[in-house]
Amino acid sequence: QVQLVESGGGLVQAGGSLRLSCAASGSIFSIAAMGWYRQAPGKQRELVVSISGVDTTNYADSVKGRFTISGDNAKNTVYLQMNSLKPEDTAVYYCNTLVATMRWSLPQVYWGQGTQVTVSS
């Protein structure tokens, strides 16, 4: 099994910044990708950003130029630096990872428990 532990959410005023962290642990042979999704009340979960391979990133248009994903391979940890936050960024943010638990196993998707980000106007 693989566990994802997220931290760093909270309440911030519009224009402020937050940094989310997600640490993966457990039976990890290799990590193919990690990323962040978010889900606002009454809306579907959406991709915020993903990172795979050698720093290949995919950002949602709504966060380009404001959010930055980075990773620490040695710690199996990914970070999301969120700047210039807007009220519409308010959501529960979920960490997501694609992990192979053994050499010949197919990668599987794992989710964190989510962390609340609230941006006040």
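That block above? That's the structure.
Before going into details, it helps to say that this report is about the structure given with it. (Residues numbered from 1 in each chain as written. Predicted model: local features only at pLDDT ≥ 70, side-chain atom pairs only at ≥ 80, totals over all residues. Heavy atoms only, no water.)

Right, let's get into the pattern of salt bridges. Tallying each qualifying case throughout the model produces 4 salt bridges. The salt bridge involving Arg38 is made with Glu46; its shortest N-O contact spans 2.8 Å. Look at Arg38 and you get buried, because its relative accessible area is 6%. You can call Glu46 partly exposed: its relative accessible area is 36%. Two residues, Lys64 and Asp61, come together in a salt bridge whose shortest N-O distance is 3.1 Å. The same class applies to Lys64 as to Asp61, namely exposed. Each of Arg38, Glu46, Arg66 and Asp89 takes part in a single network of salt bridges with overlapping partners. (Salt bridge = Lys/Arg side-chain N within 4 Å of Asp/Glu carboxyl O. Buried < 20%, exposed > 50% of the residue type's maximum accessible area, 1.4 Å probe, protein only.)

Where burial is concerned, the two faces of strand E1 (residues 2-7) differ: the one with Val2, Leu4 and Glu6 is buried and the one with Gln3, Val5 and Ser7 is not. Of the pairings in the sheet, the one linking E1 to strand E3 (residues 18-26) comprises 6 bridges and is antiparallel in character. Each bridged residue has a counterpart across the sheet, and for Val5 the counterpart in E3 is Ala23. (Helix = DSSP H or I, 4+ residues; strand = E, 2+ residues; numbered from the N terminus. Pairing = 2+ DSSP bridges.)

A one-sided burial pattern is seen for strand E11 (residues 115-120), the buried positions being Thr115, Val117 and Val119 and the unburied ones Gln116, Thr118 and Ser120. Relative to E11, strand E9 (residues 91-100) runs antiparallel, the two sharing 3 bridges. Of the residues in E11, the one forming a bridge with Tyr93 is Thr115.

Moving on, we get to the packing of aromatic side chains. Enumeration over the complete set of coordinates arrives at 1 aromatic pair. Residues Tyr37 and Trp111 carry aromatic rings whose centres are separated by 5.0 Å and whose planes lie at 70° to one another, so their mutual orientation is edge-to-face. In this pair, Tyr37 sits in strand E4 (residues 30-39) while Trp111 sits in strand E10 (residues 108-111), placing the two residues 74 residues apart along the sequence. Look at Tyr37 and you get partly exposed, because its relative accessible area is 24%. One residue, Arg19, lies across the ring of Tyr79, its end atom 4.1 Å from the ring centre. Lying across the ring of Tyr94, Arg45 places its NZ or CZ 3.7 Å from the centre. (Phe/Tyr/Trp six-rings, centres within 6.5 Å; stacked < 30°, edge-to-face > 60°. Lys NZ or Arg CZ within 6 Å of the ring centre and 35° of its normal.)

Right, let's get into unusual backbone geometry. One non-glycine residue, Asn76, adopts positive backbone phi at about 50°. Positionally, Asn76 belongs in the loop between strand E7 (67-72) and strand E8 (77-82). Residue Ser84 is not a glycine yet carries a positive backbone phi of 50°. Within the element layout of this structure, Ser84 appears in the loop between E8 and E9. The class for Ser84 is partly exposed, based on a relative accessible area of 40%.

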